[in-house]
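Observations on the model geometry
Residue-level listing of the chains:
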Amino acid sequence: MQSSRWIEVEQRPRAWVNFAKGVAIVLVVLYHVTLYLQHEGILGLPNRIKLVLELFPMPVFFLIAGLFGARAMTWSLRNLWMRRLWPVLYLYLVWSVIRFLFYLVVPGLSGEIGELPASHPLSLALVLVWPSSSYWFIYALAVFAFAAWAMRALPGWLHVLIAATISTAFTAGLLNTHNVGWNRVGALYVFYVFGALYARQVFGAVSRVSVPRTFATAAVLVAVSAVLLLLPARWLPFLVLVGQASAVVLGVLLSAYLVKLRPLRFVSTLGAESLQIYLLHLFIIVPSAALLGLAVGGVSRPVGVAMQFALVAAAIALSLLLSRLTTRVRWLYVPPTRLPRRRRQPDEPKAVPQVQ
């Protein structure tokens, strides 16, 4: 009989992945709703909550990307380009153009806070060297895949140590590129490369959930979150990294257990469509926040919190609806492929285009 110190998780060892991604994408949407509503003067959750919301979503997304990107480190450069870098960069370029056109057509919206307006021609011209704060995540996937491949000869522990040192230099404010995308690339590469180098160990560790380990991780996360919320302590070396790591570990362990619960199956559904939600949600949040700012202006904080969560739900629901529509247009997500022309046999009639 198994000890009560262990909780058995879903028999499918990777079922937790979509659940963790579902939680992460909801927090990403909440983060952006908080940011844009505050920009319009609508106060909801305390401003410092954004520091805590940064601990889990993107680190776990990059950890998962690394877990499933480990094989790419063994490919040739040509295969890496064709199978990983080009598809990701294509997606980034297509949606950067869509983003530019959207903000060019819709008047009065910036789409960026503290950077070049999204409708500024330079924001599109520099997109391959100055990633936008909207789609930097997609850009980072290409950078991380190439960086992990380029440094594959390093011992794993040294590779992770270098990445962790770079990470804390960015989160502590010692390095600053003055670009959201590059700052996040520097801060979060450690999670991708750890997942890529130690995928087998991570999947093995999540196959069972230890109750004492889960509580210990939760205690670390609570302590770090309290320090970040109550004190201006981001400058402390490795503090943010410890908080992110504990948030990821706790989130993954809880996901491995919670994925079994039927009422929470919708979370895994969100995780399966997290990429589409990520690409689409700002097209809903930015104009909605602008309209709310014009319509209601300043409101009490309880009303602001209610508006905040209502907009989160609406943004996710509408993103899923748009996902159903846009995924029918294959080239929006996948590079067009050129099919080889089949040689016509001598006795075969020529194909005649059909009018639909």
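Below is a summary of the structure that appears in this document. (Residues numbered from 1 in each chain as written. Predicted model: local features only at pLDDT ≥ 70, side-chain atom pairs only at ≥ 80, totals over all residues. Heavy atoms only, no water.)

**With respect to the overall build of the protein**
Along the backbone of the protein there are 14 helices and two strands. A buried classification covers 46% of the 356 residues belonging to the protein. Within the protein, contacts between residues at least 6 apart in sequence are counted, and of these 79% link residues at least 24 apart. When the accessible surface of the protein is split by element, carbon and sulfur atoms take 68% of a total near 18800 Å². (Helix = DSSP H or I, 4+ residues; strand = E, 2+ residues; numbered from the N terminus. Buried < 20%, exposed > 50% of the residue type's maximum accessible area, 1.4 Å probe, protein only. Contact = heavy atoms within 4.5 Å. Areas by Shrake-Rupley, 256 points an atom, 1.4 Å probe, with all protein chains shown as cover.)

**Notes on the environment of Ala172**
Looking at where Ala172 falls in the secondary structure, it is placed in the loop between helix 7 (156–171) and helix 8 (180–197). C-alpha of Ala172 to C-alpha of Leu236: the two residues are 64 residues apart in sequence and 6.1 Å apart in space. Leave out the neighbours within four places in its chain, and Ala172 touches Arg234 and Trp235.

**Focus: the pattern of salt bridges**
The tally for this structure, following the rule as stated, stands at two salt bridges. In this structure, Arg184 and Glu54 form a salt bridge, with 3.7 Å as the shortest nitrogen-oxygen distance. Of this pair, Arg184 sits in helix 8 while Glu54 sits in the loop between helix 2 (49–53) and helix 3 (57–67); the two residues are 130 residues apart in sequence, bridging distant segments of the chain. Classification of Arg184 as partly exposed rests on a relative accessible area of 25%. Judged by its relative accessible area of 24%, Glu54 falls in the partly exposed class. Where Arg324 meets Glu273, a salt bridge forms, and the shortest distance between an N and an O atom there is 2.4 Å. With Arg324 in helix 14 (residues 301–326) and Glu273 in the loop between helix 12 (265–272) and helix 13 (274–296), this pair connects stretches of sequence that are 51 residues apart. Taking the relative accessible area as the measure of exposure, Arg324 reaches 43% and is therefore partly exposed. For Glu273, a relative accessible area of 14% puts it in the buried group. (Salt bridge = Lys/Arg side-chain N within 4 Å of Asp/Glu carboxyl O.)

**Structural notes on unusual backbone geometry**
Even without being a glycine, His178 presents a positive backbone phi close to 60 degrees. Within the secondary structure layout, His178 lies in the loop between helix 7 and helix 8. Its relative accessible area of 64% is what places His178 among the exposed residues. Of note, Phe238 is a non-glycine position whose phi angle comes to about 70 degrees, a positive value. Relative to the assigned elements, Phe238 resides in the loop between helix 10 (211–230) and helix 11 (239–258).

**Describing a nonpolar patch on the surface**
A grouping of Leu116, Leu122, Leu126, Leu128, Val129 and Trp130 is seen on the molecular surface, where their side chains present a nonpolar patch of about 490 Å² in accessible area. By the element assignment, Leu128 lies in the loop between helix 5 (121–125) and helix 6 (136–150). You can call Leu128 partly exposed: its relative accessible area is 45%. (Patch = residues over 30% accessible without salt bridge, like charges linked within 9 Å, V, L, I, M, F, W, Y side chains within 5 Å.)

**Some points on the packing of helix 3 against helix 6**
Viewed as axis vectors pointing N to C, helix 3 and helix 6 meet at an angle of 40 degrees, and their least axial separation amounts to 11 Å. In this structure, helix 3 crosses over helix 6, and the sense of that crossing is right-handed. Here Met58, Phe61, Phe62 and Ala65 of helix 3 lie close against helix 6, whose contacting residues are Trp136, Phe137, Ala140, Leu141 and Phe144. A breakdown of the residues in the contact of helix 3 with helix 6 according to their chemical character gives nine nonpolar, no polar and no charged. (Axes fitted to C-alpha atoms, helices over the stretch in contact; angles between N-to-C directions. Left-handed = near helix turned anticlockwise from the far one by under 90°. Nonpolar A, V, L, I, M, F, W, Y, C, P; charged D, E, K, R; others polar.)

**Notes on the side chain of Ser255**
By the element assignment, Ser255 lies in helix 11. The residues touching Ser255, leaving out its near neighbours within four places in the chain, are Trp16, Phe19 and Ala20.

**So, the nonpolar core**
Across soluble globular proteins, you tend to see nonpolar side chains buried next to one another. Trp16, Met58, Phe62, Trp95, Phe137 and Tyr278 are the most contacted members of the largest nonpolar core, which has 102 residues in total. Leaving out residues up to four positions away in the same chain, Met58 has contacts with Val28, Trp136, Phe137, Leu188 and Tyr278. (Core = buried A, V, L, I, M, F, W, Y, C linked by side-chain atoms within 4.5 Å.)

**Some remarks on the packing of helix 1 (residues 16–39) against helix 11**
Direction vectors running N to C along helix 1 and helix 11 enclose 120 degrees, while the axes themselves pass 8 Å from each other. For the element pair helix 1 / helix 11, the angle class is oblique. Handedness of the crossing formed by helix 1 with helix 11: right-handed. Residue-level contacts link Trp16, Phe19 and Ala20 of helix 1 to Val252, Ser255, Ala256 and Leu258 of helix 11. Its residues assigned to classes, the contact of helix 1 with helix 11 shows six nonpolar, one polar and no charged. (Parallel < 35°, antiparallel > 145°, perpendicular 65-115°, else oblique.)

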